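Understanding the architecture of this molecule
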Amino acid sequence: MREKKLGYSSQMALVVSLIAGSVGTGNIWRFPRVVAMNGGGAFILAWLVMLFLVCVPIMIGEHVIGRAARHGTPGAFRDFIGKRYTWLGTVVAVTMAGIAAYYSSVIAWVFYYLGLSLTKGYYGVDKLSLFHSVSNGNIVTVILFVIVLLISAWIAYKGVSGIEKANKLFIPVLFGCLVASAIHSAFLPGAVKGMNYLFSFEARELLNYKIWLEALTQAVWSAGPGWGLCITLAVFSKANSDVALTSTIQGLGDASASVIAGLAVIPAVFALSPSTTEALKICGAGNNGLTFISMTSLFEQMPGGYIVSILFFISLLFAALSSNVCH
């Protein structure tokens, strides 16, 4: 009775929650720029190898630990390694709490920019100055930060059922907005240049150790192995659940979100840039530079950019919220 009452309503609900925990801003604002800066198709291949040969096995192990221990990271470390190593699990939990605090600030920025997209508030203004205003002590941002914390805390307070219900909304909307944005980008004049660059493949690039290192970094940052996510979410999984299949689908879900985000961002950047050099310069501007400065400039000049900007920031908001709640 306890497992039925406190557990997920179905195996699919567990899978959706795990995907929601993995998919975050790293898929939408980091993956596109990293793949553009690291060889396109060669990077994608290296990233997939790292995702399924490194990340998924770790997530399988975490899933097994969480399901067997039925405790969060401190209790799980205690049960599997020994009582004197409980502190290691506590470090993981405290670290994730710190990351969630920072993440909530980022979500507040995204929330703010969604409002700016709806009102065309960033049209005709200096994008860099606007971002500095939003991200440095802006009272509206502070209020949004508190709202984000309250929403995340309320969903988490509801337990597994709250997380499950929230993710049933977050994930479909997230993927729907990403797909719509990707379709729009694909039909922009000149988008084919971005498509070609995104999937161009040169075998010699696979001999570059930096590509493999960047691929591993992106896979770990995005999927979240070793962060205690799978341990925590698997605590309420059913005893007979297929761990390997669940973790593989989690990896596929995370990979799908990243590729779709790449298709939404890279073709648009190349289509609206005067040259490949300029497009790569935009991609190299960092997460904040790409998302809040360069992309908003592109949305302003893009045909249909008003709608696409709203879809983009909704997808980014829901990706960040779903990940924040699970963490």
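Each chain has its residues counted from 1, following the order in which its sequence is written. Under the rules for a predicted model, residues below a pLDDT of 70 receive no local features and side-chain atom pairs below 80 are neither given nor counted, while totals for whole chains, interfaces and linings still include all residues. Note that the side-chain values use all heavy atoms of the structure and ignore hydrogens as well as water.

1. Points about unusual backbone geometry
We count it as follows: Partly exposed residues are those whose accessible area sits between 20% and 50% of the maximum for their type, while under 20% is buried and over 50% is exposed, using a 1.4 Å probe and protein chains only. Numbering of helices and strands runs from the N terminus, with a helix taken as a DSSP run of H or I at least four residues long and a strand as a DSSP run of E at least two residues long.
For Arg70, which is not glycine, the phi torsion reads 55° and is therefore positive. On the accessibility criterion, Arg70 (31% relative accessible area) is partly exposed. Look at Lys120: it is not a glycine, yet its phi comes out positive at around 60°. Here Lys120 is to be found in the loop between α6 (86–119) and α7 (127–135).

2. As for the nonpolar core
We count it as follows: For this analysis, a nonpolar core means a set of buried residues of the types Ala, Val, Leu, Ile, Met, Phe, Trp, Tyr and Cys, connected via side-chain atoms within 4.5 Å. Residue contacts are defined here by distance: any two heavy atoms, one from each residue, within 4.5 Å place the two residues in contact.
Counting 93 residues, the largest nonpolar core has Leu174 and Phe313 as the members making the most contacts within it. For this core, the leading source of residues is helix α16 (residues 305–326), giving 12 residues. Not counting chain neighbours up to four residues away, the residues in contact with Leu174 comprise Val23, Ile28, Ser315, Phe318 and Ala319.

3. What about the packing of helix α3 (residues 25–37) against helix α13 (residues 243–271)?
Stated precisely, the cut-off is as follows: Only the stretch in contact is used when a helix axis is fitted, and all axes are lines through C-alpha atoms; the angle between N-to-C directions ranges over 0 to 180 degrees. Note on angle classes: values under 35 degrees are labelled roughly parallel, values over 145 roughly antiparallel, values of 65 to 115 roughly perpendicular, and the remainder oblique. Handedness of a crossing is defined here by the sense of rotation of the near helix relative to the far one, left-handed for an anticlockwise turn of less than a right angle and right-handed for a clockwise turn.
At their nearest, the axes of α3 and α13 sit 8 Å apart, and the two run at 70° to each other. Classified by the interaxial angle, the pair formed by α3 and α13 is roughly perpendicular. α13 is crossed by α3, and the crossing has right-handed handedness. Counted together, Asn27, Ile28, Phe31, Pro32 and Ala36 of α3 and Asp254, Ala257, Ser258, Val259, Ala261, Gly262, Val265 and Ile266 of α13 form the full contact between these two elements.

4. Quick look at the side chain of Asn27
Stated precisely, the cut-off is as follows: Throughout this description, a polar contact denotes any pair of N or O atoms lying within 3.5 Å of each other; where both atoms belong to protein, one of them has to be capable of donating a hydrogen while the other can accept it, and for residues adjacent in sequence the pair is counted only when both atoms sit in side chains.
Inspection of the secondary structure assignment puts Asn27 in helix α3. Among the residues examined, Asn27 registers a relative accessible area of 1% and is labelled buried. From its side chain, Asn27 meets the backbone nitrogen of Gly24 in a polar contact 2.8 Å long. A distance of 3.0 Å separates polar atoms of two side chains, one belonging to Asn27 and the other to Ser222. When residues no more than four places from it in sequence are discounted, the contact partners of Asn27 are Ser22, Pro32, Ser222, Asp254, Ala257, Ser258 and Ala261.

Take it as geometry only, folks, not as evidence of what the structure does.
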